[in-house]
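The lines below spell out each chain.
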Amino acid sequence: MATLNLRALTSWVGIARLLAVVLSCLSFSLVASTGRFGGPYGAWCMFTWCFCFAVTLLVLLLELLELYRLLPLSWDDFTSAFSMLAALMVFTSSVVFPATFISSPCSSSQCARQAVATTTSCLCFLAYALEVSLTRAKPGDISSFLSTVPGLLKVFEAYVACLIFSLLDTARYRGESGLMWCVAVYSICFIFTFLIIIFTIGRCLTYIPCPLEKVLVGYNALAMLMYLTAMILWPLYSFRGQGRPDPCGKDCWWNKSLGVTFLTIFNLIAYLVDLVYSTRMVFFRAPP
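Figured I'd write up the structure that's included with this text. This structure is a prediction, so every number in the text was calculated from the model and none was measured. (Residues numbered from 1 in each chain as written. Predicted model: local features only at pLDDT ≥ 70, side-chain atom pairs only at ≥ 80, totals over all residues. Heavy atoms only, no water.)

## Structural notes on the layout of surface pockets
Thinking step 1. Considered as a void within the structure, the largest pocket measures approximately 1000 Å³ in volume.
Thinking step 2. Looking at the largest pocket, it is lined by 27 residues, and the ones nearest its centre are Y41, T92, V96, L163 and L167.
Thinking step 3. For the lining of the largest pocket, the elements supplying multiple residues, two or more each, are helix 3 (39-64), helix 4 (75-101), helix 6 (149-167) and helix 10 (253-283).
Thinking step 4. Of the residues assigned to the lining of the largest pocket, the class counts are 20 nonpolar, five polar and two charged. (1 Å grid on protein atoms, 1.4 Å probe; cavity = no way out; pocket = protein on both sides within 12 Å on 5 of 7 lines; lining within 4 Å. Points joined across faces, edges and corners; volume = space filled by probe spheres on them. Helix = DSSP H or I, 4+ residues; strand = E, 2+ residues; numbered from the N terminus. Nonpolar A, V, L, I, M, F, W, Y, C, P; charged D, E, K, R; others polar.)

## Observations regarding the packing of aromatic side chains
Each aromatic ring pair is characterised by the separation of its centres together with the angle its planes make.
Thinking step 1. Applying the stated criterion across every chain, the model contains 17 aromatic pairs.
Thinking step 2. With 5.2 Å between their ring centres and 50° between their planes, F91 and F125 make a pair best called tilted. Placement of F91 in helix 4 and of F125 in helix 5 (residues 109-135) is noted, with a sequence separation of 34 residues between them.
Thinking step 3. Ring geometry for Y219 versus Y271: centroids 6.3 Å apart, planes at 85°, classification edge-to-face. One end of the pair, Y219, is in helix 9 (residues 212-238); the other, Y271, is in helix 10, with 52 residues separating them in the sequence. Take Y219 and Y271: they sit in the same class, and that class is buried.
Thinking step 4. Through a chain of ring-to-ring contacts, three or more aromatic side chains come together here, namely Y186, F192, Y219, Y227, W234 and Y271.
Thinking step 5. Over the face of the ring belonging to Y277 we find R280, whose NZ or CZ atom lies 5.7 Å from the ring centre. (Phe/Tyr/Trp six-rings, centres within 6.5 Å; stacked < 30°, edge-to-face > 60°. Buried < 20%, exposed > 50% of the residue type's maximum accessible area, 1.4 Å probe, protein only. Lys NZ or Arg CZ within 6 Å of the ring centre and 35° of its normal.)

## Some details on the pattern of salt bridges
Thinking step 1. In total, this model carries four salt bridges according to the counting rule given.
Thinking step 2. Two residues, E63 and R17, come together in a salt bridge whose shortest N-O distance is 3.0 Å. Of the two residues, E63 is situated in helix 3 and R17 in helix 2 (residues 12-34); the sequence distance between them amounts to 46 residues.
Thinking step 3. Taking the relative accessible area as the measure of exposure, E63 reaches 16% and is therefore buried.
Thinking step 4. Note on R17: relative accessible area 4%, which makes it buried.
Thinking step 5. In this structure, a network of salt bridges that share partners links the residues R17, E63 and E131. (Salt bridge = Lys/Arg side-chain N within 4 Å of Asp/Glu carboxyl O.)

## Here we look at the environment of C248
Thinking step 1. By the secondary structure assignment, C248 is in the loop between helix 9 and helix 10.
Thinking step 2. For C248, a relative accessible area of 15% puts it in the buried group.
Thinking step 3. Residues C248 and R36, spaced 212 residues apart in sequence, show a C-alpha to C-alpha distance of 23 Å.
Thinking step 4. Excluding its chain neighbours within four sequence positions, the residues that come into contact with C248 are W254 and N255. (Contact = heavy atoms within 4.5 Å.)

## Observations concerning the environment of Y186
Thinking step 1. Within the secondary structure, Y186 is located in helix 8 (residues 177-201).
Thinking step 2. Considered as a pair, Y186 and C162 are 24 residues apart in the sequence and their alpha carbons are 8.9 Å apart.
Thinking step 3. For Y186, the contacting residues outside a window of four places in its chain are A161, I164, F165, Y227, A230, W234, V260 and T264.

Given below as structure tokens:
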């Protein structure tokens, strides 16, 4: 029999989730009222707000009724991973939507609604960021891996890899061995990072017959080295002998290649920080 857990709504984490539900609902409602969200960028923003609204509402209901205990997964890991993913997705939408759909001067009522939707989306990002900070594991606590800094970085690394995939143009890297190696790096690291996240949420890591913490340290070191080569090779082969076209719109290959370059650097830094934190957690634990 389900019981009501009112702390799911009255705790600081619950309040942050309620704010995220309201703000994401406002965002997609305001944008839907304008009728201007066509194309891949508009579809992505609408999907982000609707997806985050639906999943956060589901999380609230499951915690309110305490039904999450019946699910065959690590609930703390799932909610930590989702809040981090939602924060990243909403942040991306808060940047992409105004850059794509709001033009200057902004004087019409339609533009005003788009501006308010952007504002609510930014506030929604802050609500998810607050949830991430509230649920983040304390130093030394590894009971919920995805709520630790290395665990949150795993979600960040996988998300950034997805952004890289969205910017890749098959015609640009096919036949270029250096660029194909970079795509292989992005793909291999994404697959392994995604599997770590899924296995952690599904409580499957305990069945792996090896010292998992040390394996993760080795993987982080290898991934960092692979991204280091990609950071060098991608701009070297992408921009070799080619300047920026004029004009160069939002779908211009040069802009996309530049975006991949910066995202590669971001993930390289993420894997470096991940390696440092993982090494400290495994080899430099404080005595009990």
